[in-house]
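# Results of the structural survey
As a plain string of letters, each chain reads:
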Amino acid sequence: MLALSASLVCSPVLAGTAPAATGDKNAFVADLIGRMTLEEKIGQLRLISIGEDMPQPQLLKEIAAGRVGGTFNSVTRKDNRPMQQAAVERSRLKIPIFFAYDVVHGHRTIFPISLGLASSWDMETVAQSARISAIEASADGLDMTFAPMVDISRDPRWGRTSEGFGEDPYLVSLCAQASVRGFQGTSLANADSVMAVVKHFALYGAVEGGRDYNTVDMSPLRMYQDYLPPYRAGVDAGGGGVMIALNSINGVPATSNTWLLRDLLRKTWGFKGITVSDHGAIDELTKHGVAKDARESAKLAITAGVDMSMHDSAYRDHLPELVKSGEVPMRVIDDAVREILGAKYDLGLFQDPFKRIGAAEQDPADVDAPGRLHREAARAAARQSLVLLENRERTLPLKKSGTVAVVGPLADAPIDTMGSWSAAGKSGQTVTLLQGVRDALGGNGRVAYARGANVTDDAGVVRYLNFMNWDKPEIVQDKRAPGDMIAEAVAAARGADVIVVAVGESRGMSHEASSRTTLSLPGSQETLLKALKTTGKPMVVVLMNGRPLTINWVKDNADAVLETWYAGTEGGHAIADVLFGDYNPSGKLPVSFPRSLGQIPTYYNQLRIGRPFVPGQPPNYTSQYFEETSGPLYPFGYGLSYTDFGVSGITLSSPTMPRGGRIEASVTVKNTGQRDGETVVQLYIQDVAASVVRPVKELKDFHKLMLKAGEERVVRFSLDEDKLKFFNAKLEYAAEPGEFKVQIGLDSQAVREQGFVLQ
């Protein structure tokens, strides 16, 4: 499949007039910088958003004048070709521009959202989704993607939870590495590779109150231990760019944070790529209150280390004067230009500016042609992303016979099935749950469909969500009375053998700028569920959402619950594969589900405290909420299967680990059920006594394995000193001698435990 799709990007090389790349990147870039005027240098620092603010005729003039370094939001060769021609045929120095886009979880083929991909706990699945995304994006003339998004998210009120890989530093770091590897391929210079821009640097997922764009105030210890590792992983994997976050960090906006961008990113981590501001972030420094005007904003940003200015005019308008006055040294400008030209060099654009655009005669006749999609890979990834939360009395899998009532506002919602940031994906090419069930049943059964309810009956919420999608409203309300819609759904359910009801959030509810004050299902959907329950028919709840929800009633009343997130182009087929047993679910949660909003934060690896709540012991004067059961509704790492697995006690190769040595921890895992199935065996470590307070446990390794019914296998984990290291009070990364507990299980709570000592 990959080899077939790669052919889409192959085209004859067009003869550009840009300077030819030599074998010495540094010498080539230095020579070019030496021939540039100040205006041309500043032009390279400008990243222009294509749209009403910059119509194409004006943009072409700007490019030809050497006043643009790159663009984003154009996604076809036909659109990009004239812009590249303006750069390499009409500008003085013939420097090519690059084309970028937000390809987060697919380009034309939409894969599950990042939270869903993380639920697979399969790094090859994560990497392959990025690889195919790169193949499709580069085939449309794109050079760069603003992805992966690797912000740790522990407050599900934050709308951008859907874009990331969850709450755990280790798992998110692995996903970051796999994504960069997939996007960039074996070489950035390859025609089917795109540059990964790791975002949002830094700590964006920790915004106060889960409110997007808010402040972050965090201790250095927590920063280094929990929130910075995924960015570092993306950089160490070779990510060519870093997008800077919109939040402030301990009082200093990331966009003007010299410590963050120069001291940490470049000096400590050794990053050599480009840094890009977020959309309009340099202008926003005045709103943060650290700059009095746009001139000062430009000075703060370029001095701090922001190479490219995305969608604002601060650099264009003020850097020339700032340089001439001596307030910004020319070397600062040259440093930024050097990284941008270096990125273009790495992308092979100096060698061939039309590497990913190709010749006009090679353009697809129809850019939206179904044959350009990678449906098989999307379906496979989506199946792995699904997490079975409940399955009472083996309700699932369903039989492919009888009548299935498919109900709910998200049952036939192609746009929502794709999820947020769905790039160039087309809703008309997306398989919904309704279509998936119909295709699975074929002529062997009947589907009775009823919408049952709107996603929400709150007119204010509908107005907001449609304003967020100003070009084409996504929330289209059924004008019927709520009671009439429910009556139709109940009637369909009474005539069916089983109910499959799709509820959750529209994709706009789990998106940038869509923070929520509640995590419950909207009232219209709760009313529908309770009405369906009265029929007495088995009820399977299919969740579609981009964040953990508080679903206590669903947990207690549904016969089965399947978390599907937003599953992408082939989502409906993948969900049906699991519902009817053609695929045995194996997904595990990358985030904890809270019982209530007031329980946030609920992440599993919280720091140890002096008065912890211990189940089964008196709760008085312990850290807990007395109104409800302590602990998450569903823990991190949780997920059921259609079969059962048993995990033996832990065997350690030695009770002690010498400095610089290693020991092995092993368990025997057995499939004790009647079906073949996959599971994820997870290893956690607890540092019993350290110089600073440490988490109750931390994920340090895992293995995903397939076992046939009745099969058992020994799973071995190698433990060395590196797995025991942490940042101490001096921010030194080291392991301390003492006792450690090894925990192995199928989620973060159901574990076996054994101890050893680091000497």
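Throughout this document, residue positions are counted from 1 along each chain, in the order its sequence is written. Owing to the predicted nature of the model, reporting of local features is limited to residues with pLDDT of at least 70; listing and counting of side-chain atom pairs is limited to 80 or more, with chain, interface and lining totals taken over all residues. The side-chain numbers reported here are obtained from all heavy atoms of the structure, hydrogens and water having been left aside.

## Considerations on the overall build of the protein chain
Test applied: Only runs of H or I of at least four residues qualify as helices and only runs of E of at least two qualify as strands under DSSP, and these elements are numbered from the N terminus. Note on method: radius of gyration uses C-alpha positions; expected globular size equals 2.2 Å times residues raised to 0.38. For every residue, the accessible area obtained with a 1.4 Å probe (protein chains only) is divided by the maximum for its type, and the residue is called buried under 20%, exposed over 50%, and partly exposed between those limits. Throughout, a residue-residue contact means that at least one pair of heavy atoms, one from each residue, lies within 4.5 Å.
Along the protein chain, the regular secondary structure elements total 23 helices and 27 strands. Taking 759 residues into account, the globule formula puts the C-alpha radius of gyration at 27 Å, and the protein chain, at 27 Å, falls close to it. In terms of overall dimensions, the protein chain has C-alpha extents of about 75 × 65 × 50 Å along its principal axes. Taking all 759 residues of the protein chain together, the buried fraction comes to 60%. Taking the contacts inside the protein chain whose residues are at least 6 apart along the sequence as the reference set, 78% of them involve residues at least 24 apart.

## Considering the pattern of salt bridges
Short version of the rule: Whenever a carboxyl oxygen of Asp or Glu lies within 4 Å of a side-chain nitrogen of Lys or Arg, that contact is scored as a salt bridge.
In this structure the tally under the stated criterion is 46 salt bridges. One salt bridge in this structure joins D31 and R35, with 3.3 Å as the shortest N-O distance. The salt bridge involving R266 is made with D307; its shortest N-O contact spans 3.0 Å. Taken as a pair, R266 in helix α11 (residues 258–268) and D307 in the loop between α13 (294–304) and β10 (309–310) lie far apart in primary sequence, 41 residues in all. Just as R266 is buried, D307 falls in that class too. Each of E39, R46, E62 and R67 takes part in a single network of salt bridges with overlapping partners.

## Re the sheet that holds strand β9 (residues 274–276)
Within a sheet, neighbouring strands are paired by backbone hydrogen bonds and run either parallel or antiparallel to one another. Short version of the rule: At least two DSSP bridges between two strands are required for those strands to pair.
One open sheet holds the eight strands; their spatial order is β9-β6-β5-β4-β3-β2-β1-β10, and the pairing between them is parallel. Every other strand in the sheet has two partners, leaving β9 and β10 as the edge strands with one partner each. Looking at chain direction, strand β5 (residues 195–201) and strand β6 (residues 241–244) are connected through three bridges and run parallel. Of the residues in β6, the one forming a bridge with V198 is V242.

## A word on the packing of aromatic side chains
What counts, and what does not: Note on aromatic pairs: the rings of Phe, Tyr and Trp (six-membered ring only in Trp) are paired at centre separations within 6.5 Å, and the planes decide the class, stacked below 30 degrees, edge-to-face beyond 60, tilted for the rest. Either the NZ atom of lysine or the CZ atom of arginine qualifies as a charge over a ring when it sits within 6 Å of the ring centre and within 35 degrees of the ring normal.
Using the criterion set out here, one finds 17 aromatic pairs in the structure. Between Y604 and Y684 the ring centres are 5.6 Å apart and the planes differ by 75°, which places this aromatic pair in the edge-to-face class. Here Y604, found in the loop between α23 (571–579) and β17 (645–647), pairs with Y684, found in strand β21 (residues 677–687); they are 80 residues apart in sequence, far enough to count as distant. Overall, the relative accessible area of 10% leaves Y604 in the buried class. The aromatic ring of Y603 is capped on one face by R154, whose charged end is 4.1 Å from the ring centroid.

## A short note on the sheet that holds strand β15 (residues 539–544)
The condition is simple: Here, axes are lines fitted to C-alpha atoms. For helices the fit covers the stretch in contact, and angles between N-to-C directions go from 0 to 180 degrees.
Read across the sheet, six strands follow the order β11-β16-β15-β14-β12-β13 without closing on themselves; strand pairing throughout is mixed. Of all strands in the sheet, those bounded by a partner on one side alone are β11 (387–391) and β13 (445–450). Mean inter-strand twist for the sheet, computed between neighbouring axes without regard to direction, equals 20°. Sheet analysis places β11 next to strand β16 (residues 560–563), joined by four bridges and oriented antiparallel. Within β16, the position partnered with N391 by the bridge is A560. On the sheet, α23 packs against β14 (498–504), β15 and β16 and is oriented at approximately 145° with respect to β15.

## Re the layout of surface pockets
This is how it is decided: For each structure, a 1 Å grid was placed over the protein atoms alone; sets of points admitting a 1.4 Å probe that cannot get out are labelled cavities, open sets with protein on both sides within 12 Å along at least five of seven lines are labelled pockets, and lining residues have an atom within 4 Å of a point. Grid points are joined across faces, edges and corners, and a volume is the space filled by probe spheres set on the points. Polar here means any residue outside two lists: the nonpolar Ala, Val, Leu, Ile, Met, Phe, Trp, Tyr, Cys and Pro, and the charged Asp, Glu, Lys and Arg; Gly therefore counts as polar.
For the second largest pocket, the calculated volume is near 1,100 Å³. Elements represented by at least two residues in the lining of the second largest pocket include exactly β26 (738–745) and β27 (751–758). Along the lines of polarity and charge, the residues of the lining of the second largest pocket split into 13 nonpolar, eleven polar and four charged.

## Regarding the pairing of strand β12 (residues 402–407)
Looking along a regular strand, one sees side chains alternate from face to face of the sheet. With five of its six residues buried, β12 lies for the most part within the structure. As defined by bridge partners, β12 adjoins β13 across six bridges and the pair is classed as parallel. If you follow G402 over to β13, its bridge partner there is G445. Pairing of β12 with β14 involves four bridges; the strand directions are parallel. Paired with V407 across the bridge in β14 is V501.

## Describing the UniProt feature "domain: Fibronectin type III-like" (unreviewed entry) in the protein chain
Short version of the rule: UniProt positions are given in the numbering used here, feature names are shortened, and annotations may be inferred rather than shown by experiment.
With numbering aligned to this structure, UniProt lists the feature "domain: Fibronectin type III-like" (unreviewed entry) at residues 679–748. Across residues 679–748 one finds 0% helix and 57% strand; the C-alpha atoms that close the span lie 14 Å apart.

## As for helix α9 (residues 220–227)
Burial in α9 covers these residues: M223, Y224, Q225, D226 and Y227. Looking at the buried side of α9, the elements it contacts are α8 (169–184), α10 (229–236), β7 (248–249), α11, β22 (698–707) and β24 (726–727).

## Side note on the pairing of β21
Counting buried residues in β21 gives eleven out of eleven residues, a clear majority hidden from the surface. Here β21 pairs with β22 via nine bridges, running antiparallel. When the sheet's bridge partners are listed, Q682 is paired in β22 with F702.

## A word on the side chain of T622
Spelled out, the test is: The term polar contact refers here to a pair of N or O atoms within 3.5 Å; inside protein, the definition further demands a hydrogen-donor-capable atom paired with an acceptor-capable atom, and it admits residues adjacent in sequence only when both atoms are side-chain atoms.
Structurally, the position occupied by T622 is in the loop between α23 and β17. There is a polar contact of 2.5 Å between the side chain of T622 and the backbone oxygen of P619. When sequence neighbours within four positions are dropped, the list of residues in contact with T622 reads R611, P612 and F613.

## Here we look at the domain arrangement of the protein chain
This is how the line gets drawn: Where a domain begins and ends is set by an automatic assignment or by a domain database. Accessible area, probed at 1.4 Å, shrinks when two parts are joined; the buried area is that loss added up over both.
The domain boundaries assigned to the protein chain delineate domain 1 (375–599) and domain 2 (645–758). Between the C-alpha centres of domain 1 and domain 2 there is a distance of 35 Å. Opposite the eight residues of domain 1 that make contact, domain 2 presents nine residues. The contact between domain 1 and domain 2 buries some 610 Å² in all, and 36% of this surface belongs to carbon and sulfur atoms.

## Observations regarding the environment of R516
For R516, the position within the fold is in the loop between β14 and α21 (523–533). On a C-alpha basis, the gap between R516 and G209 in space is 9.7 Å, while along the polypeptide they are 307 residues apart. For R516, the contacting residues outside a window of four places in its chain are R157, E505, M509, R547 and L549. A distance of 3.1 Å separates a polar atom in the side chain of R516 from the backbone oxygen of T518.

## A closer look at helix α4 (residues 56–64)
Among all positions in α4, only L59, L60, E62, I63 and A64 are buried. As for α4, its buried residues are in contact with β1 (46–49), β2 (70–72) and α5 (77–90). With its phi angle positive at about 75°, G66 sits one or two positions after the end of α4.

## Details of the nonpolar core
The line we're drawing: Throughout this description, the term nonpolar core refers to a set of buried Ala, Val, Leu, Ile, Met, Phe, Trp, Tyr and Cys residues connected via side-chain atoms within 4.5 Å.
F201 and L228 are the most contacted members of the largest nonpolar core, which totals 131 residues. At eight residues, helix α15 (residues 330–346) tops the list of elements feeding residues into this core. Those residues in contact with L228 that sit more than four places away from it in its chain are F201, A202, L203, M223, L264 and W269. Judged by nonpolar contacts, the second largest core, of 74 residues, contains L433, A450, L465 and L562.

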